[in-house]
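This is what each chain is made of:
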Amino acid sequence: MKKLKYFGLVFLVIIIGLFIFLKLTKPETIMMVGTEVSLEKPWVKFNETDESNIGNLIRAYHFEEGEIRFKKNIGADDFIIACLKKDKKWNYYSYYRGTKTYEMMLISEEIEKEITPPN
């Protein structure tokens, strides 16, 4: 009976240790539009004078959302844009290649909860 108890305890400790190890070593990812994307790349600060396609799109939409803006590359030409608003809350946008042009859309609150904001 003692051996069974110790075996059960050791088995439980191994399972918990394995779970913790996998949780700590797994890269941060989220599911967007049916695709799992990695959030491992760092946030990069930018503004609307940025000469990239993102800067052009922000100027075209008269994007006045945030005081501070960051972008994070999540794919070939796909980014997550984080904007710190005046009330100190973050809004996140998905910047992606649409059918003909680049497009930007607000990320849902469900996905926002999984994103770690920039420092």
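Here, the structure is the one placed above.
Structure report, in brief. These numbers come from a predicted model, not from an experiment.

Procedures and definitions
- Residues numbered from 1 in each chain as written.
- Predicted model: local features only at pLDDT ≥ 70, side-chain atom pairs only at ≥ 80, totals over all residues.
- Heavy atoms only, no water.
- Patch = residues over 30% accessible without salt bridge, like charges linked within 9 Å, V, L, I, M, F, W, Y side chains within 5 Å.
- Areas by Shrake-Rupley, 256 points an atom, 1.4 Å probe, with all protein chains shown as cover.
- Salt bridge = Lys/Arg side-chain N within 4 Å of Asp/Glu carboxyl O.
- Buried < 20%, exposed > 50% of the residue type's maximum accessible area, 1.4 Å probe, protein only.
- Helix = DSSP H or I, 4+ residues; strand = E, 2+ residues; numbered from the N terminus.
- Pairing = 2+ DSSP bridges.
- Axes fitted to C-alpha atoms, helices over the stretch in contact; angles between N-to-C directions.

**Comments concerning a nonpolar patch on the surface**
(1) Moving on: Side chains of Met-1, Leu-4, Phe-7, Phe-11 and Ile-15 sit close together on the surface and give an oily, nonpolar patch of about 640 Å² of accessible area.
(2) Moving on: Using a relative accessible area of 41% as the deciding quantity, one classes Ile-15 as partly exposed.

**Quick notes on the environment of Leu-84**
(1) Moving on: Along the polypeptide, Leu-84 turns up in strand β5 (residues 79–84).
(2) Moving on: Sequence-wise, Leu-84 and Pro-118 are 34 residues apart; in three dimensions their C-alpha atoms are separated by 9.3 Å.

**Things to note about the sheet that holds strand β6 (residues 90–97)**
(1) Moving on: Taken in spatial order, the five strands of this open sheet run β3-β4-β5-β6-β7, and their pairing is antiparallel. Edge positions in the sheet fall to β3 (44–46) and β7 (102–106), since each of these pairs with one other strand and no more. Across this sheet, the average inter-strand angle for adjacent strands is 30 degrees, counted without regard to direction.
(2) Moving on: The pairing of β3 with strand β4 (residues 68–73) spans three bridges and is classified as antiparallel. Across the sheet, the residue bridging to Val-44 is Lys-71, located in β4.

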